[in-house]
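Working through the structure, step by step
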Amino acid sequence: MNSERLSNRLEAVASFVNKGAVVADIGSDHAYLPCFLIHTGKVRKAVAGEVAKGPYESAVKNVLREGLSEVITIRLADGLFAIEESDAVDTVTIAGMGGPLIATILDRGKERLAHINRIITQPNIYARAIREWAVVNGWKVADERILKEDGKLYEIIVLEKGQSAYGELELMAGPILLDSKTDVFYEKWENEMVEWKRVLDSLEKASETDAIKTKKAQLKSHIDLVGKVLAT
Ligand code: SAM
């Protein structure tokens, strides 16, 4: 992967950026995504934020090598604190982290989202945390995609401002993904079902505590809900 040839995963994230947007890519690592967005003419200006020194230095080196220092500002900062008002950022991308970490980054930097109209996230696990954060904080799921690359399944969740309310199944599997169930969607949830049944099976053999009882009830409810979706 480099800034001209992205992974399919990051290319899918890039596809949700509106032309002419001003993007802040949080947890940018090598800054491949902002460089790609500039090279393809989709955006003219971007911010790359990184909390760790090593990846920050990789971003600086890469942006310099690509001759993009004038149009990509790289900041060593925690989460959304990489964004300054004068940047006029309107779109945030956060990719390649767990859903709970992405939700924490959004929550901690909430005040930096005042002028943001689109948040594009790509959680590696537990995407639900992002949908839950959206409901509580006045955002709604505007688009979603699920894809497979190198044997791994990835979800992309795009948020826009607006009130939302999702049921248990929508929080778990995604309101838009549920509307357009693809082969990859079925594969993800068939895998989850196998894992849930395996865990439930081993819990059935354990002596029952309150915690085990709660976990078993939760697993049974998930198996029931998702089982119905997979049957359609
Ligand atoms: N976004 C790139 C991608 O999708 O390929 C890089 C993903 S990499 C696995 C995650 C990056 O997020 C790391 O470079 C890490 O240092 C950075 N990161 C983690 N927590 C962060 C935070 N609170 N603020 C900024 N960057 C963070």
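An account of the accompanying structure is given in this report. (Residues numbered from 1 in each chain as written. Predicted model: local features only at pLDDT ≥ 70, side-chain atom pairs only at ≥ 80, totals over all residues. Heavy atoms only, no water.)

What about unusual backbone geometry?
If a residue is not glycine, its phi is most likely negative; likewise, a peptide bond is most likely trans. The phi torsion at Ala88 lies on the positive side, around 55 degrees, for a residue other than glycine. Tracing the sequence through the fold places Ala88 in the loop between strand E3 (72–76) and strand E4 (91–97). The backbone of Tyr126 sits at a positive phi, close to 45 degrees, despite the residue not being glycine. Looking at where Tyr126 falls in the secondary structure, it is placed in the loop between strand E5 (118–123) and helix H5 (128–136). Judged by relative accessible area, which is 48%, Tyr126 ranks as partly exposed. (Helix = DSSP H or I, 4+ residues; strand = E, 2+ residues; numbered from the N terminus. Buried < 20%, exposed > 50% of the residue type's maximum accessible area, 1.4 Å probe, protein only.)

Quick notes on the site of the ligand
Around the ligand sit 16 residues, and of these Arg9, Gly27, Glu50, Asp78 and Gly79 come closest. A distance of 2.8 Å separates a nitrogen atom of the ligand from a polar atom in the backbone of Gly27. Between the ligand and the protein, one listed contact pairs an oxygen atom with a side-chain N or O atom of Glu50 at 2.4 Å. For the ligand, the protein covers 78% of the area, taking 600 Å² as the surface of the free molecule. At the level of secondary structure, the elements contributing two or more residues to the shell around the ligand comprise helix H1 (8–15), E4 and helix H4 (99–108). (Near = heavy atom within 4 Å. Polar contact = N/O pair within 3.5 Å; in protein donor to acceptor, adjacent residues only side chain to side chain. Areas by Shrake-Rupley, 256 points an atom, 1.4 Å probe, with all protein chains shown as cover.)

Details of the pattern of salt bridges
Within the structure shown, the criterion is met by 18 salt bridges. Residues Glu57 and Lys53 are paired through a salt bridge, measuring 3.3 Å at the closest nitrogen-oxygen approach. Of the two residues, Glu57 and Lys53 both sit in helix H3 (residues 53–65), four residues apart, roughly one turn of that helix. The exposure class of Lys53 is exposed, given its relative accessible area of 55%. In this structure, Lys188 and Glu155 form a salt bridge, with 3.1 Å as the shortest nitrogen-oxygen distance. With Lys188 in helix H8 (residues 183–205) and Glu155 in strand E7 (residues 152–161), this residue pair connects regions lying 33 residues apart in the sequence. The exposure class assigned to Lys188 is buried, which follows from its relative accessible area of 17%. A cluster of three or more residues bridged by salt bridges with shared partners is formed by Arg131, Glu144, Glu155 and Lys188. (Salt bridge = Lys/Arg side-chain N within 4 Å of Asp/Glu carboxyl O.)

Notes on the sheet that holds E5
The strand order E3-E2-E1-E4-E5-E7-E6 describes an open sheet built from seven strands, whose pairing is mixed. Every other strand in the sheet has two partners, leaving E3 and strand E6 (139–149) as the edge strands with one partner each. Each strand axis lies, on average, 15 degrees off the axis of its neighbour in the sheet, ignoring direction. Across six bridges, the pairing between E4 and E5 is parallel. Bridging from a neighbouring strand, Ala95 pairs with Gln122 of E5. Across the sheet, H3 touches strand E2 (46–50) and E3, and the angle it forms with E3 is around 165 degrees. (Pairing = 2+ DSSP bridges. Axes fitted to C-alpha atoms, helices over the stretch in contact; angles between N-to-C directions. Contact = heavy atoms within 4.5 Å.)

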